[in-house]
Amino acid sequence: MAEPLSTRDFENAFGALRRALPFAPPRAPQQFYALRDLQAAFRALKEPLATAKKMGGLINPWAVASLGRDEVRNTAALAGLWMSEFGGEASRNFLGSYLSSAIAGIDWSRELERGYRIETEICPLGDAADRVDLIVETTSHLIGVEVKIRAGLGRQQLERYTASIARRAELQNLSPQIVLLAPFRTKLPEVVSTTWFDVARAAQVASYDRAADRSFVQRLIDSFAAHIRKF
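Thresholds applied
Residues numbered from 1 in each chain as written. Predicted model: local features only at pLDDT ≥ 70, side-chain atom pairs only at ≥ 80, totals over all residues. Heavy atoms only, no water. Helix = DSSP H or I, 4+ residues; strand = E, 2+ residues; numbered from the N terminus. Expected span 1.5 Å × (residues − 1). Buried < 20%, exposed > 50% of the residue type's maximum accessible area, 1.4 Å probe, protein only. Contact = heavy atoms within 4.5 Å. Core = buried A, V, L, I, M, F, W, Y, C linked by side-chain atoms within 4.5 Å. Phe/Tyr/Trp six-rings, centres within 6.5 Å; stacked < 30°, edge-to-face > 60°.

Enquirer: Describe in detail helix H9 (residues 216–228), supporting the description with residues and values.
Expert: Quick reminder: α-helices carry 3.6 residues per turn. Residues three or four places apart thus point the same way. Here H9 contains 13 residues, and its C-alpha end-to-end distance of 19 Å stays within 8% of the 18 Å for a straight helix at 1.5 Å per residue. Taken residue by residue, H9 has Val217, Gln218, Leu220, Ile221, Ser223, Phe224, Ala225, His227 and Ile228 as its buried positions. As for H9, its buried residues are in contact with helix H3 (61–64), helix H4 (71–82), helix H5 (84–102) and helix H8 (196–206).

Dropping the structure here:
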């Protein structure tokens, strides 16, 4: 029968293990703050927090709406914020700023003032396989916007959409354009790549007024910009 291990045997074993293991990283030094400094900081924050709470600025409404990263829901929200029937000038400025960053050489402010409409989940020629996420139709242009957040592109997806938009635009005597709104770019020269940062920047342009002077729609647009920055 083997003899029981002694205390010395355990010490030798753990000593060998200690030499084989990497050294533990040094602990971060403890930080100490004076109680009076903390109290002063909380007192200074009390009034701004109360003002923000009174104005409804503590909770993002799009977080309450549980949009998350769902492409269909976020596309519908974006389309609604772009509709002039919803937000008037603020919505038109939001859309115009985004289109100006995507498609240069056109006075989108003047173009949108002539009238436009927004549609979502549209099959330009009735084919369900060619359903474009969002369409902007003005008096002179037909813009299809394909929206991606987490998903990738399907096989020949942009090529099919480009052909469908081009055929519909030809029937309506409009100028066609396909825009990709995604966290990645496309190599297709006929498709313009934009990012969610471009949308957020356009939203900030549309809600540029001081927080206290913003309209209800401008507040919604500004909060949407904060929501989509995570994309």
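Enquirer: Account for the nonpolar core, naming residues and giving values.
Expert: Residues Phe94 and Tyr98 are the most contacted members of the largest nonpolar core, which totals 40 residues. Not counting residues within four places of it along the chain, the set of residues in contact with Phe94 comprises Leu78, Leu81, Trp82, Val199, Ala202, Ala203, Ala206 and Ile221. Listed in part, the 14 residues of the second largest apolar core include Val132, Tyr161, Ala169 and Leu174.

Enquirer: How would you explain the packing of aromatic side chains if you had to name every residue and give the values?
Expert: Throughout the structure, instances matching the rule amount to four aromatic pairs. An angle of 70° between the planes, with centres 6.0 Å apart, marks the rings of Trp82 and Phe94 as edge-to-face. Of this pair, Trp82 sits in helix H4 while Phe94 is found in helix H5, placing the two residues twelve residues apart along the sequence. Under the relative-accessibility criterion, Phe94 is labelled buried at 0%. On the numbers, 5.1 Å between centres and 85° between planes, the contact of Trp196 with Phe231 is edge-to-face. Of the two residues, Trp196 is situated in helix H8 and Phe231 in the segment after H9; the sequence distance between them amounts to 35 residues.

Note that all results are geometric; they support no functional claim without further evidence.
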